[in-house]
Amino acid sequence: LISVVFLTALQFIIDAVIAFSLSLISERHFSIDKRIYFVKDSERRLYKHLKVRQWKDKIWELGGLGGFSKKRLADQKNPEYIEKYITECNRGVAIHSISVFAGYLSLFTVSGPCITTVALPVATVNAILNILPIIALRYNTPALHAQLTRLKRRQNNNTQVENNA
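Position numbers for residues start from 1 in each chain and track the written sequence from start to end. Restriction of local features to residues with pLDDT of at least 70 applies here, the model being predicted, together with a cutoff of 80 or more for giving and counting side-chain atom pairs; totals for whole chains, interfaces and linings are based on all residues. Hydrogens and water are ignored here; the side-chain numbers use all heavy atoms of the structure.

**Structural notes on the pattern of salt bridges**
For salt bridges, the criterion is a side-chain nitrogen of Lys or Arg within 4 Å of an Asp or Glu carboxyl oxygen. Taken as a whole and assessed by the stated rule, the structure comprises six salt bridges. Here Arg91 makes a salt bridge to Glu88, at a shortest N to O gap of 3.4 Å. In this pair, Arg91 and Glu88 both sit in helix α4 (residues 79–102), three residues apart, roughly one turn of the helix. The two residues Arg91 and Glu88 agree in class, both being buried. Shared partners join several salt bridges into a network, and the residues in it are Glu27, Lys84, Glu88 and Arg91. A helix here means a DSSP run of H or I that spans at least four residues, while a strand means a run of E at least two residues long, and both kinds are numbered starting from the N terminus. Throughout this description, buried means an accessible area under 20% of the type-specific maximum (1.4 Å probe, protein chains only), exposed means over 50%, and partly exposed covers the range between.

**As for the nonpolar core**
Buried residues of nine kinds, namely Ala, Val, Leu, Ile, Met, Phe, Trp, Tyr and Cys, make up a nonpolar core once their side-chain atoms join them within 4.5 Å. Residues Leu7, Ile18, Leu22, Ile82 and Ile86 are the most contacted members of the largest nonpolar core, which totals 29 residues. Per-element accounting of this core gives the leading share, ten residues, to α4. Contact definition: two residues touch when any of their heavy atoms are within 4.5 Å. Setting aside residues no more than four positions away along its own chain, Leu22 makes contact with Phe30, Arg91, Ala94, Ile95 and Ile98.

**Focus on unusual backbone geometry**
Most peptide bonds take the trans form, and the phi angle of most residues other than glycine is negative. With a phi angle near 55°, Lys51 is a residue other than glycine that sits in the positive phi range. Look at Lys51 and you get partly exposed, because its relative accessible area is 47%.

**A look at the packing of helix α1 (residues 2–23) against α4**
Axis angles are defined between N-to-C directions and span 0 to 180 degrees, where every axis is a line fitted to C-alpha atoms and, for a helix, only to the segment in contact. Relative orientation of the contacting elements α1 and α4 amounts to 145°, with a least axis distance of 9 Å. Here α1 runs over α4; the crossing is right-handed. On α4, the residues touching Ile14, Asp15, Ile18, Ala19, Leu22 and Ser23 of α1 are Arg91, Ala94, Ile95, Ile98, Ser99 and Ala102. Its residues placed into classes, the contact of α1 with α4 shows eight nonpolar, two polar and two charged. Note on convention: near helix rotated counterclockwise from far helix by under a right angle means a left-handed crossing. Clockwise means right-handed. Classification used: nonpolar for Ala, Val, Leu, Ile, Met, Phe, Trp, Tyr, Cys and Pro, charged for Asp, Glu, Lys and Arg, polar for all others including Gly.

**Considerations on a positive patch on the surface**
Each patch is assembled from residues with relative accessible area greater than 30% and no salt bridge, linking like charges that lie within 9 Å and nonpolar side chains (Val, Leu, Ile, Met, Phe, Trp, Tyr) that lie within 5 Å. Per-residue and other accessible areas were derived by the Shrake-Rupley procedure at a 1.4 Å probe size, with only the shown protein chains allowed to occlude residues. Only four residue types enter the tally: Lys and Arg on the positive side, Asp and Glu on the negative side, with His and both chain ends excluded. By convention, charge coordinates are those of NZ in Lys, CZ in Arg, CG in Asp, or CD in Glu. On the surface, Lys77, Arg150, Arg153 and Arg154 cluster together to form a positively charged patch. Residue placement: Arg150 occurs in helix α5 (residues 114–164).

**Examining the side chain of Thr141**
Following the sequence through the fold, Thr141 ends up in helix α5. With relative accessibility at 3%, the residue Thr141 sits in the buried group. Filtering out sequence-adjacent residues up to four positions away, Thr141 remains in contact with Ile86, Cys89 and Asn90.

Distances and angles like these do not, on their own, reveal function.
Now the structure itself:
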């Protein structure tokens, strides 16, 4: 029981350190044009097959602790806000992706049968709990990109109309 409590607390600490560390990194590393964060059509089809839309809102969203909540769009008509939202989604994907693997570092903190009976299951649960937000964030990102494109196109059209008038 002590091992379970210790290893669970350790997972929270590891995840918090990763989240805090990545919150210090410049937004440009998570910008909307970074290819690593683009969602391919095959991935989108997988998310549709997994029915992500039905369960994604049930996942805890703790981004507000870092200063930017992604629970809902606060300003759907503001391109700068949508860009910031996408950037924060990308940051969240990075945080959770690193946490999936970093959680297995806890295997090195115990010995004997605790490794396979406690540490491995706790690390695996941590991995699953980090994969779910990755899926939800990546599911939402293409729609945000489409919204941003529409807003920028509308802005450009309004600017052209004003210039022609």
